[in-house]
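# Overview (structure and organization)
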Amino acid sequence: MKVASSPTGPSPFVVVVDDDPGVRDALDSLFRSVGMSTYLFGSPAEMIQASLPQSPGCIILDVRLPGVSGLDFQSQMTKQGIELPVVFMTGHGDIPMTVRAMKAGAVDFLSKPFRDQDMLDAVTGAIERDRVRRVERTESDRLRAEYETLTPREREVMGHVVAGLMNKQVAGVIGLSEITVKIHRGNVMRKMGVRTLADLVRKAEALGISGR
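Figured I'd write up the structure that's included with this text.

Scoring rules and cut-offs
Residues numbered from 1 in each chain as written. Predicted model: local features only at pLDDT ≥ 70, side-chain atom pairs only at ≥ 80, totals over all residues. Heavy atoms only, no water. Axes fitted to C-alpha atoms, helices over the stretch in contact; angles between N-to-C directions. Helix = DSSP H or I, 4+ residues; strand = E, 2+ residues; numbered from the N terminus. Parallel < 35°, antiparallel > 145°, perpendicular 65-115°, else oblique. Contact = heavy atoms within 4.5 Å. 1 Å grid on protein atoms, 1.4 Å probe; cavity = no way out; pocket = protein on both sides within 12 Å on 5 of 7 lines; lining within 4 Å. Points joined across faces, edges and corners; volume = space filled by probe spheres on them. Nonpolar A, V, L, I, M, F, W, Y, C, P; charged D, E, K, R; others polar. Phe/Tyr/Trp six-rings, centres within 6.5 Å; stacked < 30°, edge-to-face > 60°. Core = buried A, V, L, I, M, F, W, Y, C linked by side-chain atoms within 4.5 Å. Buried < 20%, exposed > 50% of the residue type's maximum accessible area, 1.4 Å probe, protein only. Salt bridge = Lys/Arg side-chain N within 4 Å of Asp/Glu carboxyl O.

## What to know about the packing of helix α7 (residues 167-174) against helix α8 (residues 178-191)
- Packing of α7 against α8 leaves a shortest axis separation of 8 Å and a crossing angle of 110°. The angle between α7 and α8 falls in the class roughly perpendicular. In this structure, α7 uses N167, K168, V170, A171 and I174 to contact α8, whose residues at the interface are E178, V181, K182 and R185.

## What about the layout of surface pockets?
- There is about 220 Å³ of room inside the second largest pocket.
- Lining the second largest pocket are 13 residues, and of these I82, E83, L84, P85 and G105 sit closest to its centre.
- Those elements that provide at least two residues to the lining of the second largest pocket are α3 (70-79) and α5 (116-148).
- Of the residues assigned to the lining of the second largest pocket, the class counts are six nonpolar, three polar and four charged.

## Here's the deal with the packing of aromatic side chains
- Summed over the entire model, instances satisfying the criterion amount to two aromatic pairs.
- For the ring pair F13 and Y39, a centre distance of 5.7 Å and an interplane angle of 85° mean the geometry is edge-to-face. With a gap of 26 residues between them, F13 in strand β2 (residues 13-17) and Y39 in strand β3 (residues 37-41) connect regions that are remote in the sequence.
- Aromatic pair F88 and F109: ring centres 5.9 Å apart, planes at 40°, arrangement tilted. Here F88 is found in strand β6 (residues 86-90), whereas its partner F109 is found in strand β7 (residues 108-111), with 21 residues between them in sequence.

## Looking at the nonpolar core
- Counting 22 residues, the largest nonpolar core has V15, V17, M47, I59, L61, M77 and F88 as the members making the most contacts within it.
- Breaking this core down by element, the ones donating at least two residues are β2, α2 (44-48), β5 (57-62), α3 and β6.

## Re the pattern of salt bridges
- Tallied over the entire structure, the rule returns 15 salt bridges.
- Ionic pairing is found between R134 and D130, a salt bridge with its closest N-O pair at 2.8 Å. Of this pair, R134 and D130 both sit in helix α5, four residues apart, which is roughly one turn of the helix.
- You can call R134 partly exposed: its relative accessible area is 23%.
- Relative accessible area serves as the criterion here: at 0%, D130 is assigned to the buried category.
- In this structure, the salt-bridge partner of K203 is E146, at a minimum N-O distance of 2.9 Å. With K203 in helix α9 (residues 197-207) and E146 in helix α5, this residue pair connects regions lying 57 residues apart in the sequence. With respect to class, K203 is no different from E146; both count as buried.
- Within this structure, E83, D130, R133, R134 and R137 form a network of salt bridges that share partners.

Shown next, in the form of structure tokens:
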């Protein structure tokens, strides 16, 4: 699935995958009535070939589809790294099917016919989940980029510092002068964008660095 940048900013969007044109049109009208952009597809194959914006969104997926089922397509999306939250809809729902969908990460499972408000509530929750995921991903990418600016020696010093060693102790462990360790430590703090050891430790934990 291709992803396109949104020219108008991060407005929420909804992808509808259903082989019934009447259902697609009804959901299109519903979502547009509350200001959401929509992308309508009659099959999973059509959706995979589409370009979608880089903004918070979700997928409304019919369980019963020609060819691959909605549940199987959900598994395929997971394997392909498509992380948009999924809201399932079906006229043939049962408990095992619902459990499988929810265990695979579906946000909600609505049986047809459903109330418009139930669908809007499910979509609103799904989009908020995706918004939070995107914010966390952005912060994680930024943190990783900061860490990548460190030299191998600076990373080594950082590992010892967040483990609780003083500059003199770090110097003894890695065979450098205390003043050189102090310089490396200053570089680490600057590049990681922190002013206190506590902030550095928090960032190290987020990176999975627990100390040497």
